[in-house]
Amino acid sequence: MKILLLNGPNLQLLGSREPDIYGKTTLASIVADVTRLGKELGFDVEAFQSNSEGELVTLIGDAPRNGFSGIIINPAAYTHTSVAIRDAIAAAALPAVEVHLSNISSREAFRHESLTAPVCIGVVAGFGAFSYEMALRALANRLGALRNA
Ligand code: CA2
């Protein structure tokens, strides 16, 4: 089974700027860890980062046809603005887990609302790179349950 791991705008900067908020781990290291754990759990993880809302929408929209069974997404700033990404997740109709490095609920008010969370099966936020591991375990658990249903 294939899992699509998507990271949104500016996350390519991870590890180089604002380590107090986002930690010191690079995106490449997060992707490597998620891919390795995915393998252990029996999933192939394919990862993409994009600064473009349209590209993320296309990747999500193509996910079912490309054989993905689930999605892990950190929509970054688009979390708070993107009806297009929300609609794409809803239309793909695959289990999706939203992930954030920081606890968006304890930051500025404009980060408190997530437009994408309601169309995801759940959200993991506030645990830095470990948020991604928990998101993967949660999605793997859901996909395993679906597989054995
Ligand atoms: O906490 C998260 O994972 C966020 O999705 C990160 C977004 C932010 O807009 C969301 O509210 C919460 C920002 C991603 C930008 O990442 C950077 C990493 C290093 C340096 C600068 C930006």
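What you see is a predicted model, and the numbers here were worked out from it, not measured in a lab.

(A) Focus on the environment of Glu46. By the secondary structure assignment, Glu46 is in strand S2 (residues 44–49). With 12 residues separating them in the primary sequence, Glu46 and Val34 have C-alpha atoms 9.6 Å apart. For Glu46, the residues in contact, after removing those within four places along its chain, are Lys2, Ile3, Leu4, Leu5 and Phe68.

(B) Looking closely at the site of the ligand. Looking at the ligand, there are 17 residues lining it, with Asn74, His80, Leu101, Ser102 and Arg111 nearest. The contact in question runs from an oxygen atom of the ligand to an N or O atom on the side chain of His100, over 2.9 Å. In the complex, 95% of the free accessible area of the ligand, which totals 500 Å², lies under the protein chains. Across the shell around the ligand, the residue classes break down as nine nonpolar, five polar and three charged.

(C) Summary view of the environment of Lys2. Among the secondary structure elements, Lys2 is positioned in strand S1 (residues 2–7). When the C-alpha atoms of Lys2 and Pro19 are compared, they prove to be 31 Å apart, with 17 residues separating the residues in sequence. Once residues within four sequence positions are removed from consideration, Lys2 is found in contact with Asp44, Glu46, Asn66, Gly67, Phe68, Ser69 and Gly70. Of the polar contacts made by the side chain of Lys2, one reaches the backbone oxygen of Asn66; its length is 2.8 Å.

(D) Representation of the sheet that holds S1 within the structure. The parallel open sheet is built from five strands, whose spatial order is S2-S1-S3-S4-S5. If you trace the sheet from one side to the other, it starts and ends with S2 and strand S5 (122–125), each paired once. Put simply, the sheet's adjacent strands are angled 20° from each other on average, direction ignored. Note that strand S4 (residues 96–100) and S5 share four bridges and pair parallel. Considered in S5, the bridge of Glu98 is made with Val123. Across the sheet, helix H2 (residues 27–41) touches S1 and S2, and the angle it forms with S2 is around 160°. The sheet strands contacting helix H3 (residues 53–62) are S1, S2 and strand S3 (68–74), and the helix crosses S1 at an angle near 170°.

(E) Representation of the pairing of S1 in the model. The element S1 is extensively covered by neighbouring structure, given that five of its six residues are classed as buried. In the sheet, S1 pairs with S2 via six bridges, with the strands oriented parallel. Within S2, the position partnered with Ile3 by the bridge is Val45. With six bridges connecting them, S1 and S3 associate as parallel partners. Paired with Leu6 across the strands is Ile73, a residue of S3.

What counts and how
Residues numbered from 1 in each chain as written. Predicted model: local features only at pLDDT ≥ 70, side-chain atom pairs only at ≥ 80, totals over all residues. Heavy atoms only, no water. Helix = DSSP H or I, 4+ residues; strand = E, 2+ residues; numbered from the N terminus. Contact = heavy atoms within 4.5 Å. Near = heavy atom within 4 Å. Polar contact = N/O pair within 3.5 Å; in protein donor to acceptor, adjacent residues only side chain to side chain. Areas by Shrake-Rupley, 256 points an atom, 1.4 Å probe, with all protein chains shown as cover. Nonpolar A, V, L, I, M, F, W, Y, C, P; charged D, E, K, R; others polar. Pairing = 2+ DSSP bridges. Axes fitted to C-alpha atoms, helices over the stretch in contact; angles between N-to-C directions. Buried < 20%, exposed > 50% of the residue type's maximum accessible area, 1.4 Å probe, protein only.

Honestly, that's just the spatial picture; any functional story needs more than this.
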